[in-house]
Amino acid sequence: MKINSPLEVYKYLPQTNCGECGEATCMAFGSHVIDRSLKLEDCTPLLEDKYKKKYLELSELMAPEIREVTIGMGEHAVTVGGDDVLYRHQLTFFDQPAFALDVWDTMKEAELVERVTFIKDFKKFYVGRFLKLDMIAVRSTSGDPGKFRTAVSKVMETTELPLILCSFDPEVLSAGLEVAAKRRPLLYAATRDNWQAVADLVLEYDVPTVLFAPNDLDTLKSLAGTFLEMGRQDLVLDPGTNPQGKMLRESFENFLKLRRAGIKEGQRDVAFPLMSVPMTAYLTGGDAVSSSYWETVLATVFSVRYGDIMILHSIEPYALLPEMHIRDTIYTDPRTPVKVEPKVYEVGTPGKDSPVIVTTNFALTYYTVESDLASNGINCYLLAADTDGLGVEAAVAGGQLTGKKINDEFKKSDFDFSEKTSHNTIILPGLGARLQGDLEDATGLKVMVGPQDSGQIPPWMDKNWPPGKKV
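In this text the structure is predicted, and so the values were computed from the model without any measurement.

### Quick word on the overall build of the chain
- A tally of helices and strands in the chain yields 17 helices and 17 strands.
- Based on the C-alpha atoms only, the size of the chain along its principal axes is roughly 80 × 60 × 40 Å.
- In the chain, once contacts between residues fewer than 6 apart in sequence are set aside, the share between residues at least 24 apart is 64%.

Written out as structure tokens, the structure reads:
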């Protein structure tokens, strides 16, 4: 992206403040284009003939430094690449790495279906949303085009997740494409030995492809240049993922060199998404648990540094969960705190004798408190006060959580204590204890101070609820 301020975008817009994009002004629209929450095409006047030249110029200027490549079709399609910066704090990273779990064509049909179903259905609820796996990588271990075609067909019957077709034999890849081309799979891979035959398949079926040249950036760049000359832009580069020792360091450095060349040096022939294959950990000769552990380490390393798409093997939760959590953490926008809608939530089926508890709208805080309450069967009202996504301690220190603010939040939610409760009592989090007097003055209600850790709410309730309970 060659421009990075709303004012620069504004120069190319119609500047009519028509509001058709949903924003009040063209300047506001420009700020959303910069953070990619809106697209240029959302400004419909910009698409008119009289603005066409500016639209085309702005489209080129706004294109990400690393090309975005889409794999799959429809709602299950995965887009990789699209980054503009080397470091997350400079802006944010876009398009989190896609995780593809492998299956192979020598599996028994029942085992294949069971593994694909597990991958398709695996999800983990985390701060308000589900973390999921993205793709299936079908590997040819038989070398038999017929077996590969059958395996790809069975996978397609079982899931609509995007596919990676894995073989260095163009005849095998062709067999897979015969049944899967309509799903726009990613071909893995073109090498210095098979590139011409794979290029013919790419041109025939119009699908994205991986270029593979392990530990050889010159050959990788040459392959990319050759495919670009043929008009192919949907490329993914795999410089090799060595699992251990000095060669692992070389792999890591190759990822850094490619991404730096693409973003800082403007080398368009290597400005493509990068593939890492952490399942090479299984080549180290360790037992299954050790290999799974080391695969997780590799996935973590390349999630942090520029792996845009990865092929993984282990489906053990102790491997998948850390991999998914670190990916989610790295690709969360650092400019925007993760938060929930500020309002009064009902946990369980609260009645007039149920407690009213206060927390903040920082998502991690809210879901931790809500989970502790729900899992212990505590029916209650839970206010998620608007603190701009800050936790309790920081919000109290910074003045985003005050007695008046909490009172206002209850009013905004039309929460009438005399109607909803029989006790006229609010429970503050322990980390907000110093707001007790302030909140009593603002609301005229009784204010109790709960524990600092929401995990201690159940024993605290046993001891202190209902109000006035004698111990």
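### Overview of the nonpolar core
- Membership of the largest hydrophobic core comes to 81 residues, with the highest contact counts inside it found for M62, I136, L165, L187 and L211.
- Setting aside residues up to four positions removed in sequence, L211 forms contacts with A190, L220, L223, A224, F227, L235, V236, L237 and D238.
- Ranked by size, the runner-up nonpolar core spans 21 residues in total, among them V78, V80, C166 and A189.

### Some words on the packing of helix α6 (residues 170–180) against helix α7 (residues 195–205)
- Where α6 meets α7, the axes come as close as 9 Å, and the angle between the chain directions of the two elements is 15 degrees. With respect to α7, the axis of α6 lies roughly parallel. Between α6 and α7 lies a crossing of right-handed hand. Contacts between α6 and α7 involve P170, L173, S174, L177 and E178 from the first element and A197, V198, L201 and Y205 from the second.

### Comments concerning the layout of surface pockets
- Volume-wise, the largest pocket comes out at about 750 Å³.
- Forming the walls of the largest pocket are 19 residues, and the residues nearest its centre are S59, M62, A63, P64 and E68.
- Partitioned by chemical class, the residues of the lining of the largest pocket number 9 nonpolar, 3 polar and 7 charged.
- Lining the second largest pocket are 20 residues, with A77, T79, D95, Q96 and D134 positioned closest to its centre.

### Brief notes about the sheet that holds strand β11 (residues 275–276)
- Read across the open sheet, the 8 strands follow the order β10-β9-β8-β7-β6-β3-β12-β11; overall the sheet is parallel. At either margin of the open sheet sits one strand with a lone partner, and together these are β10 (235–238) and β11.
- Inspection of the sheet shows strand β3 (residues 98–104) paired to strand β12 (residues 309–312) by 4 bridges, in the parallel sense. Paired with A98 across the strands is I309, a residue of β12.

### Some thoughts on the pairing of strand β9 (residues 209–212)
- Burial of β9 is two-sided: the residues T209 and L211 facing one way and the residues V210 and F212 facing the other way are all buried.
- For strand β8 (residues 186–190) and β9, the ladder comprises 3 bridges, and the chain directions are parallel. Paired with A190 across the strands is L211, a residue of β9.
- A crossover links β8 with its parallel partner β9, the connecting element being α7, and its sense is right-handed.
- Bridge analysis of β9 against β10 gives 4 bridges, and the strand direction is parallel. What sits directly across from F212, in β10, is D238.
- Once the chain exits β9 it traverses helix α8 (residues 217–229) before rejoining the sheet at β10, and the crossover so formed is right-handed.

### Points about the pattern of salt bridges
- In the structure shown here, the tally under the stated rule is 20 salt bridges.
- Between D234 and R184 there is a salt bridge; the shortest N-O distance is 2.5 Å. Taken together, the residues D234 in the loop between α8 and β10 and R184 in the loop between α6 and β8 connect sequence positions 50 residues apart. Both residues of the pair, D234 and R184, count as buried.
- Connected via shared salt-bridge partners are R36, E68 and D84.

### Topic: helix α10 (residues 288–304)
- Over its 17 residues, α10 runs 24 Å from end to end, which matches the ideal 24 Å to within 8%, given 1.5 Å per residue.
- Inspection of α10 places S291, S292, E295, T296, L298, A299, F302 and S303 among the buried residues, and these make up the whole buried set. The buried side chains of α10 occupy one side of the element, clustering within an arc of 165 degrees when seen end-on. The exposed set on the far side of α10, more than 90 degrees from its buried face, consists of V289 and Y293.
- In this structure, the buried residues of α10 make contact with β3, α9 (245–263), β11, β12 and α11 (317–330).
- You can read the cap of α10 off the contacts: a side-chain oxygen lies 3.0 Å from the backbone nitrogen of V289, and it is on D287.
- Remark: Y306 follows α10 within two positions and exhibits a positive phi of approximately 80 degrees.

### Overview of the packing of aromatic side chains
- Under the counting rule described, the total for this entry stands at 16 aromatic pairs.
- Ring plane angle 35 degrees and centroid distance 6.1 Å describe the contact between F168 and Y188, whose orientation is recorded as tilted. Taken as a pair, F168 in the loop between β7 (163–166) and α6 and Y188 in strand β8 lie far apart in primary sequence, 20 residues in all.
- Accessibility expressed as a relative area gives 45% for F168, which makes it partly exposed.
- Residue Y188 is classed as buried on the basis of its relative accessible area, which comes to 10%.
- Here the aromatic rings of Y366 and Y367 are separated by 5.1 Å at their centres, their planes lie at 80 degrees, and the arrangement is edge-to-face.
- By relative accessible area, which is 5% here, Y366 ends up buried.
- Taken together, the ring pairs connect F125, F130, Y345, Y366 and Y367 into an aromatic cluster.
- Positioned above the aromatic ring of F94, the side-chain terminus of R36 is 3.6 Å from the ring centre.

Reading guide: rules and limits
In every chain, residue numbers begin from 1 and rise along the written sequence. Per-residue local features are limited, in this predicted model, to residues with pLDDT of at least 70; the limit for side-chain atom pairs, both in listing and counting, is 80 or more; totals at the level of whole chains, interfaces and linings are taken over all residues. For side-chain calculations, the full set of non-hydrogen atoms in the structure is used, while hydrogens and water are omitted. Numbering goes from the N terminus for both helices and strands, where a helix is a DSSP run of H or I of at least four residues and a strand is a run of E of at least two. In what follows, residue pairs with any heavy atoms lying within 4.5 Å of each other are defined as contacts. To form a nonpolar core, buried Ala, Val, Leu, Ile, Met, Phe, Trp, Tyr and Cys residues must be joined to one another through side-chain atoms within 4.5 Å. Only protein chains enter the accessibility calculation, which uses a 1.4 Å probe; a residue is then buried when its area is under 20% of its type maximum, exposed when over 50%, and partly exposed in between. Orientation is described by lines fitted to C-alpha atoms, with helices fitted over the stretch in contact, and by angles between N-to-C directions that extend from 0 to 180 degrees. These descriptions rest on fixed angle ranges, namely under 35 degrees for roughly parallel, over 145 for roughly antiparallel, 65 to 115 for roughly perpendicular, and the rest for oblique. Each crossing is labelled by how the near helix is turned from the far one, with a counterclockwise turn of less than a right angle marking it left-handed and a clockwise turn marking it right-handed. For each structure, a 1 Å grid was placed over the protein atoms alone; sets of points admitting a 1.4 Å probe that cannot get out are labelled cavities, open sets with protein on both sides within 12 Å along at least five of seven lines are labelled pockets, and lining residues have an atom within 4 Å of a point. Grid points are joined across faces, edges and corners, and a volume is the space filled by probe spheres set on the points. Three residue categories are used. Nonpolar comprises Ala, Val, Leu, Ile, Met, Phe, Trp, Tyr, Cys and Pro, charged comprises Asp, Glu, Lys and Arg, and polar comprises the others, including Gly. A pair of strands is treated as paired once DSSP finds two or more bridges between them. The handedness rule is simple: strands pointing away from the viewer, and a clockwise path from the first strand over the helix to the second, make the crossover right-handed. A pair is scored as a salt bridge if a Lys or Arg side-chain nitrogen falls within 4 Å of a carboxyl oxygen belonging to Asp or Glu. A helix is expected to span 1.5 Å for every residue after the first. Picture the helix axis, draw a direction to every C-beta atom, and the arc is the one those directions span. Polar contacts here mean pairs of N or O atoms no more than 3.5 Å apart (in protein, one a potential hydrogen donor and the other a potential acceptor; neighbouring residues in sequence count only if both atoms are side-chain atoms). Ring geometry is summarised as follows: Phe, Tyr and Trp rings, the Trp one being its six-membered ring, pair when their centres sit within 6.5 Å, and such pairs are stacked at plane angles under 30 degrees, edge-to-face over 60 and tilted between the two. Ring-over charges, as used throughout, are those where CZ of Arg or NZ of Lys falls within 6 Å of the ring centre and within 35 degrees of the ring normal.

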